[in-house]
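Reading the structure
As a plain string of letters, each chain reads:
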Amino acid sequence: MSSATSTVKSSGRKILLLENIHPVAHEALRKEGHEVTAISHSPDREELSRLLQTHEVVGLRSKTRLPAELLQKAPQLSLIGCFCIGTDQVDLATANSLGIPVFNAPYSNTRSVAEMVLAEVIMLARQLGDRNMAAHKGQWLKSAEGSREVRGKTLGIVGYGHIGSQVSVLAEAFGLRVIYYDVVKKLPLGNSQSVETLAELLRRSDFVSLHVPDTRATRGMLGAAEIKLMRPGAALINASRGTVVDIPALAEAIRSGHLSGAAVDVFPEEPASNSQAFKSELQGLPNVILTPHIGGSTLEAQESIGLEVAASFISYLRDGSSLGAVNFPPLSLPQQHAGAIRIANVHRNVPGVLGSINSIVSDLGANILGQALATDERIGFVVMDVEVQEAHELLRRVEDLPTSIRTSLLGQV
Ligand code: NAI
């Protein structure tokens, strides 16, 4: 592994923001003294490779891919931000081995999803999707048949994490009773109650809303057998991941009248872009609301994503805090000691690295005021505050260690 270093201070970094990232991110980073280049499109491979030669930090959304070959040819690059939820567009393992943390914004759109789910509970209870379509076609379907209030009904939430628990709070404000099932013990919010099994939740709920991640355990979690356990006339909402529900089984339950409706935002196969056609067995079924994976797509969420990732950039570049990075040993650091410089070193995780670094410090007659280390299987990440006369000599010697991958001077110099 060759050593790569960025011996620069925390401000004045050259940051490249692609794909129309929200202007709040540009502003926050410029305020910190960074030089921001913003580009509205996703550059092709060649253009991206060229841009990465002159930028140390890159922010992208879902269209730009950073495979291993591009990362390996960008020695300047020291920090990546995915201004979205997913991070699979970046080769995370390669970024890790090159000492590049990758941040994302996993919770900036939580509230947006929860609000949409609540809207769908009411839409399903009142068949608003179908009535709306009929009215647009000139049909006047004024009837109370099959329309219900949600007050007093039971909403069963599967997965009581960030989104599930927000749905819980909003649902109670509408007078719904909330029960939830989670594999991890979670504090019930408001008057909600946890149930022991998924089967119990399915048997007791008038509405079931899924908020689990995509894991081996959740794939196909709602199949024909589970749907059968749901109350006759109940409705299902899935704004989690497309793999969680067996779509043919759901379609059959709607056709047979066992379920009164469904709202589905995520699908096992989704079109890659707006120009591609969308096909699903659920199309054309009564009281079925289909949306194009927009649960988290609001202007507020975009702004919040911009702020969240920019804040991660700032605290990594200023303090060396890697907390929240998806591919990096987590370090959360206190403020830099007055009178000290702060050095960050990413190294191969082999025995003796800290000893070697500390010997360099002592050879230079310097004093370590604080030191924090975190490791994963491949790399170690150490950040230390040092009182030293010869800061650049210290930096050079640490950088020259055969174990070093990336060494930088952070914070106030
Ligand atoms: P989270 O990680 O905060 O919560 C997930 C919860 O599910 C956790 O409490 C976890 O313990 C629980 N869980 C995991 N496996 C389970 C199992 N087998 N049975 C029961 N519970 C289980 O995640 P968050 O942020 O609430 O997101 C939930 C889902 O929503 C994710 O799949 C995410 O991809 C999706 N999502 C969809 C969006 C959209 O646009 N439709 C936007 C944002 C997120």
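None of the values given here were measured: they were computed from a predicted structure.

Reading the values: the criteria
- Residues numbered from 1 in each chain as written.
- Predicted model: local features only at pLDDT ≥ 70, side-chain atom pairs only at ≥ 80, totals over all residues.
- Heavy atoms only, no water.
- Helix = DSSP H or I, 4+ residues; strand = E, 2+ residues; numbered from the N terminus.
- Contact = heavy atoms within 4.5 Å.
- Areas by Shrake-Rupley, 256 points an atom, 1.4 Å probe, with all protein chains shown as cover.
- Salt bridge = Lys/Arg side-chain N within 4 Å of Asp/Glu carboxyl O.
- Buried < 20%, exposed > 50% of the residue type's maximum accessible area, 1.4 Å probe, protein only.
- Disulfide = S-S within 2.5 Å.
- Pairing = 2+ DSSP bridges.
- Axes fitted to C-alpha atoms, helices over the stretch in contact; angles between N-to-C directions.
- Near = heavy atom within 4 Å.
- Polar contact = N/O pair within 3.5 Å; in protein donor to acceptor, adjacent residues only side chain to side chain.
- Nonpolar A, V, L, I, M, F, W, Y, C, P; charged D, E, K, R; others polar.

1. Points about the overall build of the protein chain
Helix and strand counts for the protein chain stand at 13 helices and 16 strands. Each of the three principal axes of the protein chain carries a C-alpha extent, and together these read 85 × 45 × 35 Å. Intrachain contacts of the protein chain at a sequence separation of at least 6 include 64% that bridge at least 24 residues. Approximately 19800 Å² of the protein chain is accessible, and the part contributed by carbon and sulfur atoms is 51%.

2. Focus on the pattern of salt bridges
The full count for this structure, using the stated rule, is 15 salt bridges. E200 is the salt-bridge partner of R204, the closest N and O atoms lying 2.9 Å from each other. In this pair, R204 and E200 both sit in helix α8 (residues 198-204), four residues apart, roughly one turn of the helix. Relative accessible area serves as the criterion here: at 33%, R204 is assigned to the partly exposed category. The partner of R396 in a salt bridge is D400, with the nearest N and O atoms 3.0 Å apart. Here R396 pairs with D400, and both are found in helix α13 (residues 391-400), just four residues apart, close to one helical turn.

3. Digging into the state of the cysteines
Structurally, a disulfide amounts to a covalent bond that connects the sulfur atoms of two cysteines. Following the criterion strictly, the structure yields zero disulfides and no others. C84 takes part in no disulfide bond, and the closest cysteine sulfur to it belongs to C82, at a distance of 5.1 Å.

4. Some thoughts on the sheet that holds strand β4 (residues 79-82)
As summarised here, the arrangement of the five strands in space is β2-β1-β3-β4-β5, forming an open sheet in which the pairing is parallel. Bordering the open sheet on either side are β2 (35-38) and β5 (102-103), each of which pairs with just one other strand. The sheet strands contacting helix α11 (residues 299-319) are β1 (14-17), β3 (57-60), β4 and β5, and the helix crosses β4 at an angle near 165 degrees.

5. A word on the site of the ligand
Around the ligand lies a shell of 26 residues, among which H162, I163, D182, K186 and V212 are the nearest. The contact in question runs from an oxygen atom of the ligand to an N or O atom on the backbone of G161, over 3.4 Å. Within the backbone of V212, one N or O atom sits 2.7 Å away from an oxygen atom of the ligand. Burial of the ligand by the surrounding chains reaches 85%, relative to a free accessible area of 880 Å². Looking at the shell around the ligand residue by residue, the classes come out as twelve nonpolar, ten polar and four charged.

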